Amino acid sequence: MKKQRQKWVCFLAVLTLVLAVLCACGTQPEQEEPAPVQETEPKETEASAGNTVDMGDYVLTLPKDCTQQAREDGGLSFLCDGAPVGGVQTLDCPGADQVDWDDLTGYKEVLPTLWSQFLEEGEGTPDYIASPAAGSGADLEVSLVTDQRSESHYLFAAGDQVYDLWFSDPNPLPSYDVSGTVRSFALQSK
């Protein structure tokens, strides 16, 4: 009886092992075809790339459906449906090379020089909020409000010059187009 019991235990152990192997081999998942790529609207972090503009000192990618127009002062305007929505201007700014743009030490000393170059006569001293432009590549982001306009300015310092990339507030561009254009802005070596 003991021998017969050992045979059954061995038989059940072998049967269990065979069944486990068969189950493991038979349950491999079938290869599925990858799902088709769906066309979606750009995410908030993706720019709808438009034309790349090389102005010699800098290069940037315009928002989709925008055109550029050179200005007499050497600046650049962005037009959307014929209306200006932003632009770039180069500002002379003695002392900009002394500002520590990483922790913003000394930036308040250069702001009056900047205001004098891009405010219209009679606009007075603007209300503004200045903050580090984290993640955009700019040295400083300034939200500027006067009685006549509201704008977002992204300042890129290069020696005693500051490149001012600005957008009107509000503007018709999606936020991902604005942030994509700011991130695309790059100063070129002379």
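Here goes a summary of the coordinates provided. These figures come from a predicted structure and were not determined experimentally.

1. A closer look at unusual backbone geometry
Alright, step 1. Here the residue pair Asp169 and Pro170 is connected by a cis peptide bond, since its omega of -15 degrees sits within 30 degrees of zero.
Alright, step 2. Among the structural elements, Pro170 can be located in the loop between strand 9 (161-168) and helix 3 (175-184).
Alright, step 3. Residues other than glycine seldom take positive phi values, yet Asp81 does so here, at roughly 55 degrees.
Alright, step 4. Tracing the backbone through its elements, the reader meets Asp81 in the loop between strand 4 (76-80) and strand 5 (83-92).
Alright, step 5. For Asp81, a relative accessible area of 80% puts it in the exposed group.

2. Section: the state of the cysteines
Alright, step 1. One pass over the structure, following the stated rule, counts 0 disulfides.
Alright, step 2. Sulfur of Cys80: no disulfide; nearest cysteine sulfur belongs to Cys66 and is 3.9 Å away.
Alright, step 3. Judged by its relative accessible area of 13%, Cys80 falls in the buried class.

3. Structural notes on the pattern of salt bridges
Alright, step 1. Taken as a whole and assessed by the stated rule, the structure comprises 3 salt bridges.
Alright, step 2. The partner of Glu123 in a salt bridge is Arg149, and the shortest N-O contact between them spans 2.9 Å. With Glu123 in the loop between helix 2 (107-118) and strand 6 (127-131) and Arg149 in the loop between strand 7 (140-145) and strand 8 (150-158), this pair connects stretches of sequence that are 26 residues apart.
Alright, step 3. The exposure class assigned to Glu123 is buried, which follows from its relative accessible area of 7%.
Alright, step 4. Its relative accessible area of 21% is what places Arg149 among the partly exposed residues.
Alright, step 5. For the salt bridge of Arg149 with Glu151, the shortest nitrogen-to-oxygen distance reads 3.0 Å.

4. Remarks on the nonpolar core
Alright, step 1. Of all hydrophobic cores here, the largest spans 21 residues; its most connected members are Leu60, Phe78 and Leu165.
Alright, step 2. For this core, the elements supplying multiple residues, two or more each, are strand 2 (58-63), strand 4, strand 5, strand 8, strand 9 and helix 3.
Alright, step 3. Beyond its immediate sequence surroundings of up to four residues, Phe78 is in contact with Leu60, Leu62, Thr67, Ala83, Pro84, Val85, Gly86, Gly87, Val88, Leu165, Phe167 and Thr181.
Alright, step 4. Core analysis: the second largest hydrophobic core is formed by 19 residues, Ala96, Trp101, Leu111 and Leu114 among them.

5. With respect to the pairing of strand 7
Alright, step 1. Of the two faces of strand 7, the one lined by Leu140, Val142 and Leu144 is fully buried and the one lined by Glu141, Ser143 and Val145 carries no buried residue.
Alright, step 2. Here strand 6 runs beside strand 7; their pairing, made up of 5 bridges, is antiparallel. Bridge pairing in strand 7 places Ser131 opposite Glu141.
Alright, step 3. Relative to strand 8, strand 7 is paired through 6 bridges, and the arrangement is antiparallel. Residue pairing in the sheet places Val145 in a bridge with Ser150 of strand 8.
Alright, step 4. Between the end of strand 7 and the start of strand 8, which pair antiparallel, lie 4 residues.

The rules behind the values
- Residue numbers run consecutively from 1 along every chain, following the written order of its sequence.
- Per-residue local features of the predicted model are confined to residues with pLDDT of at least 70, and side-chain atom pairs are confined, for both listing and counting, to 80 or more; whole-chain, interface and lining totals are unaffected and use all residues.
- Computation of side-chain values covers all heavy atoms of the structure but excludes hydrogens and water.
- The helix count covers DSSP runs of H or I at least four residues long, the strand count covers runs of E at least two residues long, and both are numbered beginning at the N terminus.
- Relative accessible area decides the class of each residue, using a 1.4 Å probe on protein chains only: under 20% of the type maximum gives buried, over 50% gives exposed, and in between gives partly exposed.
- Cysteine sulfurs are considered disulfide-paired once they come within 2.5 Å of each other.
- Here, a salt bridge means any side-chain nitrogen of Lys or Arg that lies within 4 Å of a carboxyl oxygen of Asp or Glu.
- We call a set of buried Ala, Val, Leu, Ile, Met, Phe, Trp, Tyr and Cys residues a nonpolar core when their side-chain atoms join them within 4.5 Å.
- By definition in these notes, contact holds between two residues if any of their heavy atoms fall within 4.5 Å.
- Any two strands are treated as partners once DSSP identifies two or more bridges connecting them.

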